[in-house]
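# Structural description and commentary
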Amino acid sequence: MERRFLVRTFGCQMNEHDSERIAGLLTADGMVATEEAADAEVVVLNTCAIRENADNRLYGNLGHLRPLKAANPRMRVVVAGCLAQKDQGIIQQRAPWVDVVVGTHALPGLLELLRRAEAEGPQMDVREATEVFPSALPARREVAHHAWVSIAVGCDNACTFCIVPLVRGPQRSRSIGDVLAEVQSLAASGVVEVTLLGQNVNTFGRDLTVPGSGRRPLFAELLRAVDAVEGIRRIRFTSPHPHDFTPDVIEAMAECDAVCEHIHFPLQSGSDRVLQKMRRSYRSERYLAWLDRIREAVPGIAVTTDLIVGFPGESEEDFAGTLQVVERAQFDQAYTFQYSPRPGTAAAGFDGQVPKEVVQERFERLVELQERISLAANEALVGSTVELLIEGEGRKGGAQGRTRTNKVVHVDGRHVPGTFLDAEILSAHPHHLSGAAGAVRRTPVPV
Ligand code: SF4
């Protein structure tokens, strides 16, 4: 009988990347993916400790699995990811039906942990440091044309709202050679778009030296090297940190044909006082100056950002600062979050937690402003022709693709994911565009 697995992913792209590796390991072990927990022999919850109510979501999901596991004693329940790393033994105390807790640094040992769970009962591995990059593991990707490529794990910063340094540890970069070998083999298997992933891509290489010299490799160098890989037509990266941003990255973005005209540039707050309390070591003027330089060097680039509303001590004046910077920055999109304390972070213990209703009211004002700006940015594209990379089916029939500027466009007709085509933009909405499919430029090459 077919042995099946289900991986549920919560959280960011780093987790999506790790889930592809978890699925790859299970596939290499002879299992096949299923969408139904009831059918699965292995169910993995790949957790996130950043989002609000992360624990509630985890224990809610585990609660649903409990009767399924009682009905199917062969089922093994695995908790992976950042909450596994953070909560460790607490998970199996609260949910004794969990068979394996595997931390962010221990993924390579997942199959062995499952075997040991079979023979010996519940297992946990939450080691403190990465020995094998998850990228070195086999992957089972959701789509054939795109791949996440991890260039570094962990983070050396200490933003006071963020749990990442605690659960992912200090930064460890992969060598440019390793990254390139992965990108080359992805290109050979039909991947045309890669997203380079790191918590702070600008500090990539800070912990390495170039073989044969005392020099550190730079992120801009890596971008140029990936750009030179034949078959890779789009390169994205996330996320740069405004504090560590450097002009050579802008030059590489402008000069490398495959590097897309989009940057995700997290602002977090427009108030310098709040930025200081967040321990984000740039100020709003410097941030805006970087944006001007980037836009000058890469015409038409789309800029997206992250914003936190209601950080402890945020006054109405601080919030007005955020609105002002958002107005000046003219972001194409912003991922807006209402601050809520994350246990284990410095800010969770700060005085001046802002009442929920105040946070909500500010949040609504910010979203309203950003929606207006996003809509205007999208309306400016109506009538233009853009290059789309088709990602899959559209919600209302037709197909959905993405521009180089990372905008989602719905077009008519059926198109295979991985197809490049021209589309004329017909109408704009704050979060997507609608268009008419035109000439097909390239269809996926069977490999
Ligand atoms: S830079 Fe700050 S927000 Fe980003 S991962 Fe590091 S600590 Fe977290």
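That block above? That's the structure.
Residues numbered from 1 in each chain as written. Predicted model: local features only at pLDDT ≥ 70, side-chain atom pairs only at ≥ 80, totals over all residues. Heavy atoms only, no water.

Around the barrel, which closes on itself, the five strands sit in the order β15-β16-β17-β19-β18 with mixed pairing between neighbours. Each neighbouring strand pair of the sheet contributes to a mean axis angle of 50°, computed without reference to strand direction. Pairing geometry for strand β17 (residues 408-411) and strand β19 (residues 433-442), over three bridges, is parallel. Looking across to β19, one finds that V411 is bridged to G435. (Pairing = 2+ DSSP bridges. Helix = DSSP H or I, 4+ residues; strand = E, 2+ residues; numbered from the N terminus. Axes fitted to C-alpha atoms, helices over the stretch in contact; angles between N-to-C directions.)

All right, on to empty space enclosed by the protein then. A water-sized probe, rolled over the atoms, reveals where empty space remains. Throughout the structure, instances matching the rule amount to two cavities of 30 Å³ or more. Taken as a whole, the second largest cavity holds about 50 Å³ of empty space. Along its surface, the second largest cavity is lined by T104, H105, T130, P134, V153 and R168. Taken together, the residues of the lining of the second largest cavity sort by class into two nonpolar, three polar and one charged. (1 Å grid on protein atoms, 1.4 Å probe; cavity = no way out; pocket = protein on both sides within 12 Å on 5 of 7 lines; lining within 4 Å. Points joined across faces, edges and corners; volume = space filled by probe spheres on them. Nonpolar A, V, L, I, M, F, W, Y, C, P; charged D, E, K, R; others polar.)

Estimates place the volume of the second largest pocket at around 200 Å³. Looking at the lining of the second largest pocket residue by residue, the class counts come to two nonpolar, seven polar and two charged.

Let us now look at the packing of aromatic side chains. Under the definition given, this model contains eight aromatic pairs. Ring centres of Y282 and Y287 lie 6.2 Å apart, and the angle between their planes is 35°; on these two criteria the pair is classed as tilted. On the accessibility criterion, Y287 (0% relative accessible area) is buried. An aromatic cluster is present here, built from F245, F265, Y282, Y287, W290 and F331 joined pairwise through their rings. Across from the ring centre of Y59, 3.7 Å away, lies the NZ or CZ of R94, which sits over that ring. Over the ring of F420 we find R233, and its NZ or CZ is 4.4 Å from the ring centre. (Phe/Tyr/Trp six-rings, centres within 6.5 Å; stacked < 30°, edge-to-face > 60°. Buried < 20%, exposed > 50% of the residue type's maximum accessible area, 1.4 Å probe, protein only. Lys NZ or Arg CZ within 6 Å of the ring centre and 35° of its normal.)

Attention now goes to the pairing of strand β15 (residues 385-393). Where β15 meets strand β18 (residues 420-428), five bridges bridge the pair, whose relative direction is antiparallel. Bridge pairing links L389 to F420 in β18. Where β15 meets strand β16 (residues 399-402), four bridges bridge the pair, whose relative direction is antiparallel. Directly across from I390, in β16, lies its bridge partner G401. Here β15 folds back onto β16 in antiparallel fashion, the turn holding five residues, of which G397 has a positive phi close to 80°.

For the rest of this paragraph, the subject is the site of the ligand. Close contacts around the ligand come from C155, N157, C159, F161, C162, V164, P165, Q199, H241 and R280, and that covers them all. Within the shell around the ligand, the residues separate by chemical class into six nonpolar, three polar and one charged. (Near = heavy atom within 4 Å.)

Counting residues in hydrophobic clusters, the biggest one holds 67 residues, and the most contacted among them are L196, F219, L223 and M253. Contacts of L223, omitting those with residues within four sequence positions, involve L196, I235, F237, V249, A252, M253, C256 and V259. Judged by nonpolar contacts, the second largest core, of 27 residues, contains L6, A37, L58 and V126. (Core = buried A, V, L, I, M, F, W, Y, C linked by side-chain atoms within 4.5 Å. Contact = heavy atoms within 4.5 Å.)

Let us look at the pattern of salt bridges. Considering all chains together, one arrives at 32 salt bridges under this definition. Across the pair R168 and D18 runs a salt bridge whose closest N-O atoms are separated by 2.9 Å. A residue pair is termed long-range when its members are at least 10 positions apart, and R168 in helix α6 (residues 164-168) and D18 in helix α1 (residues 13-28) qualify at 150 residues. Residue classification places R168 among the buried positions, given a relative accessible area of 6%. Among the ionic pairs, E285 bridges to R328, the shortest N-O distance being 3.0 Å. With E285 in helix α11 (residues 284-297) and R328 in helix α12 (residues 316-329), this pair connects stretches of sequence that are 43 residues apart. Connected through shared salt-bridge partners, R3, D29, E41, R74, E112 and R115 make up one network. (Salt bridge = Lys/Arg side-chain N within 4 Å of Asp/Glu carboxyl O.)

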